[in-house]
Structure formats: structure tokens, C-alpha cells
Amino acid sequence: MANNGVNKGRRRFLVGATTVVGAVGAVGVAIPFVSAWQPSARARAAGAPVQADVSKLAPGQRMTVEWRGRPVWIINRTPEMIERTESFAADRLADPDSQASLQPAYSAGQMRSIRPEIGVLIGICTHLGCSPVYRPEPDATGVGVDDWPGGFFCPCHGSRFDLAGRVFSNVPAPTNLEVPPYRFEGDNIIVVGEDEETA
Ligand code: FES
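Residues numbered from 1 in each chain as written. Predicted model: local features only at pLDDT ≥ 70, side-chain atom pairs only at ≥ 80, totals over all residues. Heavy atoms only, no water.

**Some points on helix α3 (residues 79-86)**
Part 1 of the reasoning: Every buried residue of α3 is listed here: M81, I82, R84 and T85. For α3, the arc enclosing every buried residue in end-on projection is 165°, short of the 170-degree limit, so these residues lie on one face. (Buried < 20%, exposed > 50% of the residue type's maximum accessible area, 1.4 Å probe, protein only. Helix = DSSP H or I, 4+ residues; strand = E, 2+ residues; numbered from the N terminus. Arc of directions from axis to C-beta.)

And the structure:
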């Protein structure tokens, strides 16, 4: 009986000690785990929204900003460029309504943008990641097709995109160029990396 009493007491102590050690152990493990998941200032900066001032972007011109290490193209589309893009035969495009392509809901529509005259696209080919060249002129040579509406040509493997970033049929790229999240701040400032609805 005496042994039983000792053993029970010792057992209670051991259980208590184990619990305390367990709790200390859990705290000791939790702190470095949490701190390891804090993004560095550099990582936060890399994912931060970027602003672009389009006040000096002439009609027809394109500018590039970097967001999350990727080039973002901003194009000032003229009324004529918009007309050419909107009237281009949809059956020559692989995903004319962007059903299978990445873009925010607020950029639905043929021009895939909040304002038809300002296009915002990730400048990376959806085939293997090359950077297509800007060929806005309708009579561009070297793009390999007739009735070119103006757009982007990826010489790596011959993918073609119109001025809204919509991919042609029968080219290696499977989907349209991606439209990143973005919003306007006033008339001329675009904030890339923030959604229009949530900002
Ligand atoms: S990477 Fe653009 S066509 Fe292959």
C-alpha cells in the first residue's frame, strides 16, 4: 500500500512535470516557427503594389513597370486600335471571352480592361514565359499572319496576341496574357497589385 501511495504520488509528479515540459516545449517550438514565417521587409516590398503615372504615355505607346518581379505593360490604346481589336474575328482567337485566362472580373469584355483605352497586361508569354514584342501596327511584318490587328508577337515559338492580350488560335500559348489586379487612383495613376473593389 505504501509503495502504491509513493508510486501514485510519483506518477502524478511525472505527469505534471511532463505537462509543464510539454507546454514549455510547445512555446519553445512555436516562437521560432512563427518568426520563420514572417516575410522579410524585402519580400514584402517585392509583393507591394506599384504605381504608374500614365499622364505622359502618348496614344499608341506602351510603358513597363515591374510588379512582383514581372513586367507589367501599360498601353495607351487609340480609338483606332480599340476599333481594330473589337472588330477582329473572334474565331481566330483561342479564348476570346477569357473563360480560361487569368484576369480580374472587372476587366471582363473584349478589351480586358477597366478603361478601354488603357490596357494593363503581364508581359510574359503564357507558353514558356518569353517576353513578346510589341507590334501595334496593323501592317506589321514578321508576325506570320495576314490581317494582323496589332498586338504582341512572341518569336520564341510563334505565339500571337492582340492588343487586348488575347491569344490567337493554333499557336503554342494556351491562354491570353494575364491581367494583374489594378485600380485607378484619379485620372492618371494606376496602382498595380490592388484590386479595384477591395482597395
Ligand atoms: S514562350 Fe512564347 S511562344 Fe513559346
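**Describing the environment of H127**
Part 1 of the reasoning: Within the secondary structure layout, H127 lies in the loop between β4 (118-122) and β5 (133-135).
Part 2 of the reasoning: Each C-alpha atom of the pair H127 and V171 lies 9.1 Å from the other, and the pair is 44 residues apart in sequence.
Part 3 of the reasoning: The contact partners of H127, leaving out residues within four places of it in the chain, are H157, S159, P172, A173 and P174. (Contact = heavy atoms within 4.5 Å.)

**A word on the state of the cysteines**
Part 1 of the reasoning: One pass over the full model with this rule turns up 1 disulfide.
Part 2 of the reasoning: Residue C130 pairs covalently with C156 via a disulfide, S to S 2.3 Å. On the S-S bond that ties C130 to C156, the torsion sits near -115°, and the link is left-handed. Taken together, the positions of C130 in the loop between β4 and β5 and C156 in the loop between β6 (151-154) and β7 (159-162) put the pair 26 residues apart, joining distant regions of the chain. (Disulfide = S-S within 2.5 Å.)

**Remarks on the side chain of S107**
Part 1 of the reasoning: With respect to the secondary-structure elements, S107 resides in the loop between α3 and β4.
Part 2 of the reasoning: If near-sequence neighbours (up to four positions away) are discounted, S107 is found in contact with R112, S113 and V179.

**Brief notes about the nonpolar core**
Part 1 of the reasoning: V72, I74, V120, F152, F161 and I190 are the most contacted members of the largest nonpolar core, which has 36 residues in total.
Part 2 of the reasoning: Of all the elements in the fold, those that place two or more residues in this core are β2 (62-67), β3 (70-76), β4, β6, β8 (182-185) and β9 (189-192).
Part 3 of the reasoning: Ignoring any residue separated from it by four or fewer positions in sequence, one finds I190 in contact with V50, Q51, A52, V54, I74, I118, V120, Y182, R183 and F184. (Core = buried A, V, L, I, M, F, W, Y, C linked by side-chain atoms within 4.5 Å.)

**Regarding the side chain of R77**
Part 1 of the reasoning: Mapped onto the elements, R77 comes out in the loop between β3 and α3.
Part 2 of the reasoning: The buried charged residue R77 lacks any salt bridge, with D162 as its nearest oppositely charged partner at 6.9 Å.
Part 3 of the reasoning: With sequence-adjacent residues up to four places away left out, R77 is seen in contact with I82, M111, S113, R115, P116, E117, I118, G119, L163 and A164. (Lys, Arg positive; Asp, Glu negative; His and termini not counted. Salt bridge = Lys/Arg side-chain N within 4 Å of Asp/Glu carboxyl O.)

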